[in-house]
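# Observations on the model geometry
Next come the chains, spelled out residue by residue.
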Amino acid sequence: MATSKKTMTLNLTDAEMSALEELCEKKDLSKTAVLRQALRLYQAVEVRAERGDKFFFEDEKTKEKAEVVML
Amino acid sequence: MSEFQIYLLEVASDAPIEGSLIEGITEANVNDWEDAWMPALARALQQLKEKGVDRRLWPQSRHWDWRRKAEAFKGLLAAPSFSIVCQGMTQGLMIVETLESCRLLQQKGKPLVYIQYLETAPWNRPGLTTERPRLTGVGTLLVRAAIELSRSEGFGGRIGLHSLPQANAWYANVCGMSDLGIDPTKENLRYFEMTPEQADAFIAKGV
């Protein structure tokens, strides 16, 4: 599954880098892999939002829903 | 769009036949589904009807609309698709998703490649018609492609899927996946998951 890739430099604050490192640890992924996952998620949400769909978090127990507003 | 050389086994001649595993589902693949798969499936269903086979035993994927599916997932980074072409004809199609997380306790929360849809051409499915399958290995190669994608994404070969009832035994026994039981949130289909170790074992089998 080797697809050609482009390289970029990313500037992050300490807090952002810390969050990224936490996600890497939690998900057992490299920094690149976490950021690629984030991009996929952002694109998927954007596509659904453009179709008119809404994005919710649902509490598993209470079934209470909270809409996530995308900027 | 990447393309990889693969080999399928032609049942009639017992000989390997060269084909291609292609990243993506193209208009040509969807045309094959409409022009060749659908008529073949209709003939097979007619045979099942004439033989009085219980409809519950008919292929549950018979209502799948690959044109609609391909369009719905087109361009989504989180939903790569694959096709297998051999002898000038689409032999298998698959759409996966990369934003799902593992459920199996030992790898819970870690990312996996989730197989959303996987289907082989009607003439390759054992037991669907009275004729022998034409080519074998299509489903296996698509599962292998999902594992390789999982590895290249850093997911370690972890994959997951909800199986249609007729494929439960294949995912459990041939693929060696863990059966997490019926999922009431997904049409009561059984959920299967593969660990990195199971992925290694699957690939080592060389199926």
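You'll find the structure just up there.
Read on for an overview of the structure. Keep in mind the model is a prediction, meaning the values are calculated, not measured. (Residues numbered from 1 in each chain as written. Chains lettered and ligands numbered in written order. Predicted model: local features only at pLDDT ≥ 70, side-chain atom pairs only at ≥ 80, totals over all residues. Heavy atoms only, no water.)

## Some points on a negative patch on the surface
A surface patch of negative charge is lined by E58, D59, E60 and E64 of chain A. For E60 of chain A, the location among the structural elements is in the loop between β1 (55–58) and β2 (65–68). (Patch = residues over 30% accessible without salt bridge, like charges linked within 9 Å, V, L, I, M, F, W, Y side chains within 5 Å. Areas by Shrake-Rupley, 256 points an atom, 1.4 Å probe, with all protein chains shown as cover. Salt bridge = Lys/Arg side-chain N within 4 Å of Asp/Glu carboxyl O. Lys, Arg positive; Asp, Glu negative; His and termini not counted. Charge placed at Lys NZ, Arg CZ, Asp CG, Glu CD. Helix = DSSP H or I, 4+ residues; strand = E, 2+ residues; numbered from the N terminus.)

## Structural notes on the packing of helix α1 (residues 14–27) of chain A against helix α2 (residues 31–50) of chain A
Residues and elements named next belong to chain A. Two elements in contact, α1 and α2, have axes whose closest approach is 9 Å; the angle formed by their N-to-C orientations is 100°. With respect to α2, the element α1 is oriented roughly perpendicular. Contacts between α1 and α2 involve M17, L20, E21, L23 and C24 from the former and K31, V34 and L35 from the latter. Here the residues of the contact of α1 with α2 sort into six nonpolar, no polar and two charged. (Axes fitted to C-alpha atoms, helices over the stretch in contact; angles between N-to-C directions. Parallel < 35°, antiparallel > 145°, perpendicular 65-115°, else oblique. Contact = heavy atoms within 4.5 Å. Nonpolar A, V, L, I, M, F, W, Y, C, P; charged D, E, K, R; others polar.)

## Topic: the layout of surface pockets
The calculated volume of the largest pocket comes to roughly 1500 Å³. Mapped onto the lining of the largest pocket, the elements with two or more residues apiece are α1 and α2 of chain A together with α1 (27–50), α2 (66–73), β3 (81–86), β4 (89–101) and α3 (138–152) of chain B. It is α2 of chain A that provides the largest number of residues to the lining of the largest pocket, a total of seven residues. Broken down by class, the residue content of the lining of the largest pocket amounts to 21 nonpolar, twelve polar and twelve charged. The volume enclosed by the second largest pocket comes to roughly 1200 Å³. In terms of lining, the second largest pocket is formed by 36 residues, of which the most central are L41, A44, V45, R48 and F55 of chain A. (1 Å grid on protein atoms, 1.4 Å probe; cavity = no way out; pocket = protein on both sides within 12 Å on 5 of 7 lines; lining within 4 Å. Points joined across faces, edges and corners; volume = space filled by probe spheres on them.)

## As for the interface of chain A and chain B
Counting residues at the interface gives 17 residues for chain A, matched by 24 residues for chain B. Summed over both partners, the interface of chain A with chain B buries about 1600 Å², with 55% contributed by carbon and sulfur atoms. Applying the counting criterion to the chain A and chain B interface returns three salt bridges. Between R40 of chain A and E153 of chain B there is a salt bridge whose closest N-O contact spans 2.7 Å. For the pair chain A and chain B, the interface holds seven residue pairs in polar contact (both at pLDDT 80 or more). Top element by residues in the side of chain A that touches chain B is α2 of chain A. It accounts for nine residues. Considering only residue class, the side of chain A that touches chain B consists of eight nonpolar, three polar and six charged. (Buried area = accessible area lost by both parts, 1.4 Å probe. Polar contact = N/O pair within 3.5 Å; in protein donor to acceptor, adjacent residues only side chain to side chain.)

## A few points about α2 of chain A
Between its first and last C-alpha, α2 of chain A extends 29 Å over 20 residues, near the 28 Å set by a 1.5 Å rise per residue. Along α2 of chain A, the residues that are buried comprise A33, V34, Q37, R40, A44 and V45 of chain A. In a view along the axis of α2 of chain A, the buried residues occupy a sector of 130°, so they form one face of it. Opposite the buried face of α2 of chain A, by more than 90 degrees, sit the exposed residues T32 and E50 of chain A. Here the buried face of α2 of chain A lies against α1 and β1 of chain A together with β4 and β5 (111–120) of chain B. (Expected span 1.5 Å × (residues − 1). Buried < 20%, exposed > 50% of the residue type's maximum accessible area, 1.4 Å probe, protein only. Arc of directions from axis to C-beta.)

## Side note on the pairing of β3 of chain B
All names here are of chain B. Counting buried positions over the six residues of β3 gives five, a clear majority of the element. In this sheet, β3 lies alongside strand β2 (residues 15–23) in antiparallel orientation, the contact comprising five bridges. Directly across from L21, in β3, lies its bridge partner I84. Summarising the sheet, β3 and β4 pair through six bridges and their orientation is antiparallel. (Pairing = 2+ DSSP bridges.)

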